[in-house]
Amino acid sequence: MVLLVGGTGQLGGRIARELLSRGVKVRALCRSGSGFGALKRMGAEIVIGDLRDSASLSAACAGADMVITTANSVRRGGDDTVAAVDVAGTRALIDAASEANVDRFIYTSVWGADGESPVPFIRAKAGNEEHLKASGLGWTILAPNAFMESWPGTVVGAPAVAGREVVIVGEGLRRHAFIAEHDVAQFATAAVMNEAARNRHLPLGGPAAHSWLEVVKTYEEALGHPIAVRHVAPGEQVDGIPDVLLSLLAGYDAFDSEFDTSALAAEFGVQQTPLAAWVRASIAILRSRGPQV
């Protein structure tokens with residue numbers, strides 16, 4: 001049985017569907033009132049708890065063979081800070097899993113997690129990786145690069161489809177192996193099902209790297225018209241882009257994150273999604289929703 005933490009989120013929900021469709025028993029840790037109806041309808045066992053409530057974590061881990069977490073503070077607010085959720089909460093979950101003699105813990109980190117990063121979220125991910133490795137648990141660390149949904153989709157796709165200008169942080173020349181959320185879910189599912197993922201750090205990217213200017217061009221080709229682009233300096237505020245994402249965009253303007261995931265994709269049976277295909281599909285979804293007020 002797999003304990004899934006973060007199942008009400010987009011990535012966690014995808015992982016739940018993939019696991020349940022393969023006959024894997026899933027227990028989902030959900031906060032009260034978090035909208036877990038879809039998980040329940042899919043067949044997941046729901047347990048109420050919170051990363052900030054260590055007693056609920058111990059109860060949730062009891063009897064679990066494996067834990068997988070995608071939970072983080074990025075889309076939260078209020079008391080759900082990096083310190084409370086990404087540091088204290090995640091480490092409490094690791095400790096609870098260890099005390100419950102869970103066989104393996106699958107942690108969703110980020111590519112390039114660095115304990116010296118100026119971004120607290122990235123530092124937290126790096127610290128959690130080390131805490132997990134030292135826990136005595138079997139472990140798998142998924143380290144995806146920037147999601148197509150959160151980066152190209154938010155920065156370029158949403159304003160472009162709405163007819164607004166696109167704002168690029170920096171020159172937009174750095175190349176990044178953006179990855180589709182669907183592909184990350186496929187790797188996560190494969191890690192659950194495949195013992196070859198034990199005690200491995202898996203850097204995950206898309207099938208090719210693209211600069212921000214190439215992302216804009218991909219959208220122009222899909223939309224059939226040019227897109228107005230404005231560049232801003234790293235650190236400058238941009239309406240419609242969350243501060244956490246802005247800080248990450250500023251960081252990613254300083255280096256390339258271009259690497260090859262094809263060998264891992266072949267090993268774990270994951271069909272990687274090209275950016276152009278993802279862009280076409282995402283445009284269709286945005287258009288189906290109609291004008292966003």
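See above for the structure.
Quick caveat, the model's predicted, so the values are computed rather than measured. (Residues numbered from 1 in each chain as written. Predicted model: local features only at pLDDT ≥ 70, side-chain atom pairs only at ≥ 80, totals over all residues. Heavy atoms only, no water.)

Draft legend 1. Geometry of the pairing of strand E3 (residues 45-48). In this sheet, E3 lies alongside strand E2 (residues 26-30) in parallel orientation, the contact comprising four bridges. Bridging from a neighbouring strand, Ala28 pairs with Ile46 of E3. In the classification by handedness, the crossover that spans E2, the intervening helix H2 (residues 37-42) and the parallel E3 is right-handed. (Pairing = 2+ DSSP bridges. Helix = DSSP H or I, 4+ residues; strand = E, 2+ residues; numbered from the N terminus. Right-handed = clockwise from strand over helix to strand, strands pointing away.)

Draft legend 2. Main features of the sheet that holds strand E4 (residues 66-69). Pairing is parallel in the open sheet, where seven strands are placed in the order E3-E2-E1-E4-E5-E6-E9. Where the open sheet ends on each side, the last strands, each with one partner, are E3 and strand E9 (200-204). The sheet shows a mean angle of 20° between the axes of neighbouring strands, direction not considered. Along the sheet, helix H1 (residues 10-21) makes contact with strand E1 (2-5), E2, E4 and strand E5 (104-108), crossing E1 at roughly 160°. (Axes fitted to C-alpha atoms, helices over the stretch in contact; angles between N-to-C directions. Contact = heavy atoms within 4.5 Å.)

Draft legend 3. Seen up close, the packing of helix H6 (residues 152-161) against helix H11 (residues 275-288). Running from N to C, H6 and H11 point in directions that differ by 50°, and their axes come no closer than 11 Å. In terms of orientation, H6 and H11 fall into the oblique class. As for how H6 packs across H11, the hand of that crossing is right-handed. Where H6 approaches H11, its residues Pro152, Gly153, Gly157, Ala158 and Val161 are matched on the opposing element by Leu275, Trp278, Ile283, Leu286 and Arg287. The residue makeup of the contact of H6 with H11, split by class, is seven nonpolar, two polar and one charged. (Parallel < 35°, antiparallel > 145°, perpendicular 65-115°, else oblique. Left-handed = near helix turned anticlockwise from the far one by under 90°. Nonpolar A, V, L, I, M, F, W, Y, C, P; charged D, E, K, R; others polar.)

Draft legend 4. The arrangement of the packing of aromatic side chains in detail. For the structure on display, the rule yields four aromatic pairs. On the basis of an interplanar angle of 35° and a centroid distance of 6.3 Å, the ring pair of Trp111 and Phe255 is categorised as tilted. Placement of Trp111 in the loop between E5 and helix H5 (120-133) and of Phe255 in the loop between helix H9 (243-252) and helix H10 (262-268) is noted, with a sequence separation of 144 residues between them. Taking relative accessible area as the criterion, Phe255 reaches 33% and is therefore assigned partly exposed. (Phe/Tyr/Trp six-rings, centres within 6.5 Å; stacked < 30°, edge-to-face > 60°. Buried < 20%, exposed > 50% of the residue type's maximum accessible area, 1.4 Å probe, protein only.)

Draft legend 5. Representation of the packing of H6 against helix H8 (residues 212-223) within the structure. At a minimum axis distance of 10 Å, the contact between H6 and H8 shows a crossing angle of 35°. Considering the relative orientation of H6 and H8, their crossing is right-handed. Residue-level inspection shows Pro152, Gly153, Val155, Val156, Gly157, Ala160 and Val161 of H6 in contact with H8, the latter providing Trp212, Val215, Val216, Tyr219 and Leu223. Per-class residue counts for the contact of H6 with H8 are 10 nonpolar, two polar and no charged.

Draft legend 6. Summary view of the layout of surface pockets. Estimated volume of the second largest pocket: approximately 600 Å³. Lining the second largest pocket are 20 residues, and of these Gln10, Glu149, Trp278, Ser282 and Arg289 sit closest to its centre. Those elements that provide at least two residues to the lining of the second largest pocket are H1, H6, helix H7 (181-193) and H11. Top contributing element to the lining of the second largest pocket by residue count: H11, with five residues. Along the lines of polarity and charge, the residues of the lining of the second largest pocket split into seven nonpolar, seven polar and six charged. (1 Å grid on protein atoms, 1.4 Å probe; cavity = no way out; pocket = protein on both sides within 12 Å on 5 of 7 lines; lining within 4 Å. Points joined across faces, edges and corners; volume = space filled by probe spheres on them.)

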